[in-house]
Every structure is written in C-alpha cells, then in structure tokens.
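Per-entry structural report
Residue strings, one per chain:
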Amino acid sequence: MVDIIEEFCNGFKSSIVGKNRYIQKKVLVGSAQINVALDEDLARSLKKIVPQDDLDDVEILTVICNSRGIEGSVLITEAAYQDLVRHQIKRLEEPALKCASTVNCEIINIMKIWNTFLEKKMQRLPYLSAAITDEVTELLTERHLVVHDLLKNYVAIQASFIKTIQIDFNTEMQDLIKKNTLSKYELLTTTSEKEEEPMQSILGDKPTDIQQMQCKIVRQLVQKYFDIVKLAFLEYCPKAIAHTVVYFMERNIQRRLMEKLHKSEKIDQLVRECETIEEQRKLTTDKIRAMDSALEVIREIKNSRI
C-alpha cells in the first residue's frame, strides 16, 4: 500500500512540475498544458476585454449628466468615472476563474494518467485506487475554492479602490486634456450651458462637438486605467493559481494520502483485493489442496503396494 501511494505521488508530482517520465507525443499534458493555461490562454482572454466595446456614448453622457447635479463639471466627477472603470475591472473575474478551472481539469487529467500508468497494481487493490482518486479530488476541490475566493477578492479590491492619483494615469490625463482643441474655459462654459437643455437634447441622435470630445476623453481615460489594472492582474493571477493550487498539490499530496489512507481505520478495507482476484485465489488454493490430497492418496497406494 505504501509503495503504491509513493509511486503514484512521485509520478503525480513530477507531472505537475515538469519532470514527467511519461511523455505524450501527440498532445500537451501535465505541466506543459498548465503553463499554456496560465500564460497564453489567460493573456489571450484578457486581451479580448476592450472597454471601448462596452462603453457607448449614451452611457457615458448619461453618467456625466447624472454626476453633475446642479453644478457644472469640466468633464466627469470622480465618483461617476470610478463607476465606469469599476464595471470594466469586474470583467477580469470571469477569465481568471476560467483559467483556474482549466488548471484544475488538467490536474485531474494528470491523476487519471497515473492511475492508468499504475493500472496493473491498481487493479489488485480497487478500494485503494478509488480512495486515492477521492482524496486527490477532494484536496483539489478545497484548493479550487481557496483560489476562487482569492481571485474574486483581488478583483473586488481593485474595483473598490480606484487609485486615479497614479503617476501613469495622471500623466495620461494631462496629455489628453492638452491635446483637446477646446480649452478648459470653453469646455466648462459649453458644459454649463448644456445643463439648461432637456435630457433628450443632451442625449440626442446627433451629439455635439463637446459631447463627442467628452466621450472620447472618458473612453481613453477608462482604457488607460483599465490597462494598468489588467497588467497587474496578468502578473498576479498565474502566480496566485500556481501557488495556491499547483505547488500546494505538489507539496502536500503525499502527506495528505498518507494521513488519510495509511493511518485510516479502514486500512484493512483499502488493502482488500477485488472480489474476482479473491475468488480466483480461493479457487486456485482449493485446486492446490485437491492436488495435494490426490498426491497423498497416490503416495499411500504406492507405499501399500511396496
């Protein structure tokens, strides 16, 4: 039992960290597939998130109008801008959780590979094989819940505190304002004048030059801040999954199996062979005894003749 657990764990751990002696030539497996999920797949998924596609002019202008209240505003209030950015940041959660699920599925595949690799030994002890599968799956589920909460909390933290005083963001904002054809005075005057118009006029089919310029600046500022957060998240997410799931499984799988199985009260049940083998062994034993009895009878007959 101990030998089987140790051999399984050695193969399982080597597959996770990339020292696998079981080489698959047709598809990526083990650590190679995990690396693809953490690196290429995640980056590709995050790249598809473009705030520009999710923000329309009506939404931006509505937020601007609702945020001004009775006072004029040059562009948009801090709170309104944060709401727009916060919505975009929350979009990072789905691809991150999908990446974590992909890694979990690949670890399950690694477990299945080593169950197959040790099939002959596992066939003799089916209860032990099932127990190993259950314990690995249970531990992996526990770690998945941990990393799930970790990633969701990270996104929530980034969304709850929009740090617009960052040097990179402030520099970009100043550059955008300087590039505008309208001065701050013209922008404020035009915006204040629009407050006397009905909402339907402000959000009409044909936005004014000032409205178009406002939307353009807000879009670019949202994109700039989102890119800063996305870059940090792209660095954080793979490390969080690797530390919380991959390396944790590598470091703790053998200890978990030994604690749960070798020291279990059900150890007698776990080392039981399958019923088919037990029946075959009993049948073989009976045949041997019958042959021994027959030989004994033959020996007695032979001795009596002598």
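Residues numbered from 1 in each chain as written. Predicted model: local features only at pLDDT ≥ 70, side-chain atom pairs only at ≥ 80, totals over all residues. Heavy atoms only, no water.

1. Some points on the overall build of the protein
A count of helices and strands for the protein gives 14 helices and zero strands. Within the protein, buried positions represent 38% of all 306 residues. When contacts within the protein are restricted to residue pairs at least 6 apart in sequence, long-range pairs at least 24 apart make up 88% of them. (Helix = DSSP H or I, 4+ residues; strand = E, 2+ residues; numbered from the N terminus. Buried < 20%, exposed > 50% of the residue type's maximum accessible area, 1.4 Å probe, protein only. Contact = heavy atoms within 4.5 Å.)

2. Quick look at the nonpolar core
Membership of the largest hydrophobic core comes to 67 residues, with the highest contact counts inside it found for Phe 8, Phe 12, Ile 89, Leu 92, Leu 151, Ile 241 and Met 249. Broken down by secondary-structure element, the contributors of at least two residues to this core are helix 1 (2-17), helix 2 (31-47), helix 4 (57-68), helix 5 (78-89), helix 6 (93-117), helix 8 (126-160) and helix 12 (209-262). It is helix 12 that contributes the most residues to this core, 21 residues altogether. Other than its neighbours up to four places away in sequence, Leu 151 contacts Ala 96, Leu 97, Ala 100, Tyr 236, Cys 237, Ala 240 and Ile 241. (Core = buried A, V, L, I, M, F, W, Y, C linked by side-chain atoms within 4.5 Å.)

3. Side note on the side chain of Gln 158
The residue Gln 158 is located in helix 8 in this model. Gln 158 gets classed as buried once you look at its relative accessible area, which sits at 18%. Apart from the residues within four sequence positions on either side, Gln 158 is in contact with Ile 89 and Val 229.

4. Remarks on the state of the cysteines
As enumerated under the stated definition, the model contains zero disulfides in all. In this structure Cys 99 is not part of a disulfide, and its nearest cysteine sulfur, from Cys 237, lies 5.1 Å away. (Disulfide = S-S within 2.5 Å.)

5. Focus: the confidence of the model for the protein
Of the residues in the protein, 70% have a pLDDT of 70 or more, and the chain-wide mean is 77. Looking at the elements of the protein, mean pLDDT is at its lowest for helix 10 (residues 184-194), recorded as 45, and at its highest for helix 8, recorded as 90. (pLDDT = per-residue confidence, 0-100.)

6. Topic: the packing of helix 2 against helix 12
Axis separation between helix 2 and helix 12 bottoms out at 11 Å; the angle between their running directions is 150°. Of the possible angle classes, the one that applies to helix 2 and helix 12 is roughly antiparallel. Crossing geometry of helix 2 relative to helix 12 is assigned as right-handed. Residues Ile 34, Leu 38, Leu 42, Ala 43, Leu 46 and Lys 47 of helix 2 touch helix 12, and the partners they reach there are Lys 230, Phe 233, Leu 234, Cys 237, Pro 238, Ile 241, Ala 242 and Val 246. For the contact of helix 2 with helix 12, the class distribution of residues is 12 nonpolar, no polar and two charged. (Axes fitted to C-alpha atoms, helices over the stretch in contact; angles between N-to-C directions. Parallel < 35°, antiparallel > 145°, perpendicular 65-115°, else oblique. Left-handed = near helix turned anticlockwise from the far one by under 90°. Nonpolar A, V, L, I, M, F, W, Y, C, P; charged D, E, K, R; others polar.)

7. Some remarks on the environment of Met 249
Inspection of the secondary structure puts Met 249 in helix 12. Separated by 142 residues in sequence, Met 249 and Ile 107 place their C-alpha atoms 9.1 Å apart. Non-local contacts of Met 249, meaning those with residues more than four positions away in its chain, are made with Phe 12, Ile 16, Ile 107, Val 136, Leu 139, Leu 140 and Arg 143.

8. Observations regarding the side chain of Gln 223
Within the secondary structure, Gln 223 is located in helix 12. Exposure remark for Gln 223: the relative accessible area of 17% places this residue in the buried category. When sequence neighbours within four positions are dropped, the list of residues in contact with Gln 223 reads Val 50, Pro 51 and Gln 52.

9. Thoughts on the packing of aromatic side chains
Evaluated as defined, the whole model comprises three aromatic pairs. Here Phe 8 and Phe 12 contribute two aromatic rings whose centre-to-centre distance is 5.8 Å and whose plane-to-plane angle is 20°, an arrangement assigned as stacked. Of the two residues, Phe 8 and Phe 12 both sit in helix 1, four residues apart, roughly one turn of that helix. There is no split in this pair, since Phe 8 and Phe 12 are both buried. With a centroid separation of 4.0 Å and an interplanar angle of 10°, the aromatic rings of Tyr 154 and Tyr 236 are classed as stacked. Taken together, the residues Tyr 154 in helix 8 and Tyr 236 in helix 12 connect sequence positions 82 residues apart. The exposure class of Tyr 236 is partly exposed, given its relative accessible area of 26%. A cation sits over an aromatic face here: Arg 143 above Phe 248, 3.7 Å from the ring centre. (Phe/Tyr/Trp six-rings, centres within 6.5 Å; stacked < 30°, edge-to-face > 60°. Lys NZ or Arg CZ within 6 Å of the ring centre and 35° of its normal.)

10. Section: the pattern of salt bridges
Under the criterion given, the structure shown has nine salt bridges. Across the pair Glu 135 and Arg 256 runs a salt bridge, and its minimum N-O distance is 3.3 Å. Separated by 121 residues along the polypeptide, Glu 135 in helix 8 and Arg 256 in helix 12 bring together distant segments of the chain. A salt bridge links Glu 142 to Arg 256; the nearest nitrogen and oxygen atoms lie 3.2 Å apart. Of the two residues, Glu 142 sits in helix 8 while Arg 256 sits in helix 12, which places them 114 residues apart along the sequence. By sharing partners, the salt bridges in this structure join Glu 135, Glu 138, Glu 142 and Arg 256 into a single network. (Salt bridge = Lys/Arg side-chain N within 4 Å of Asp/Glu carboxyl O.)

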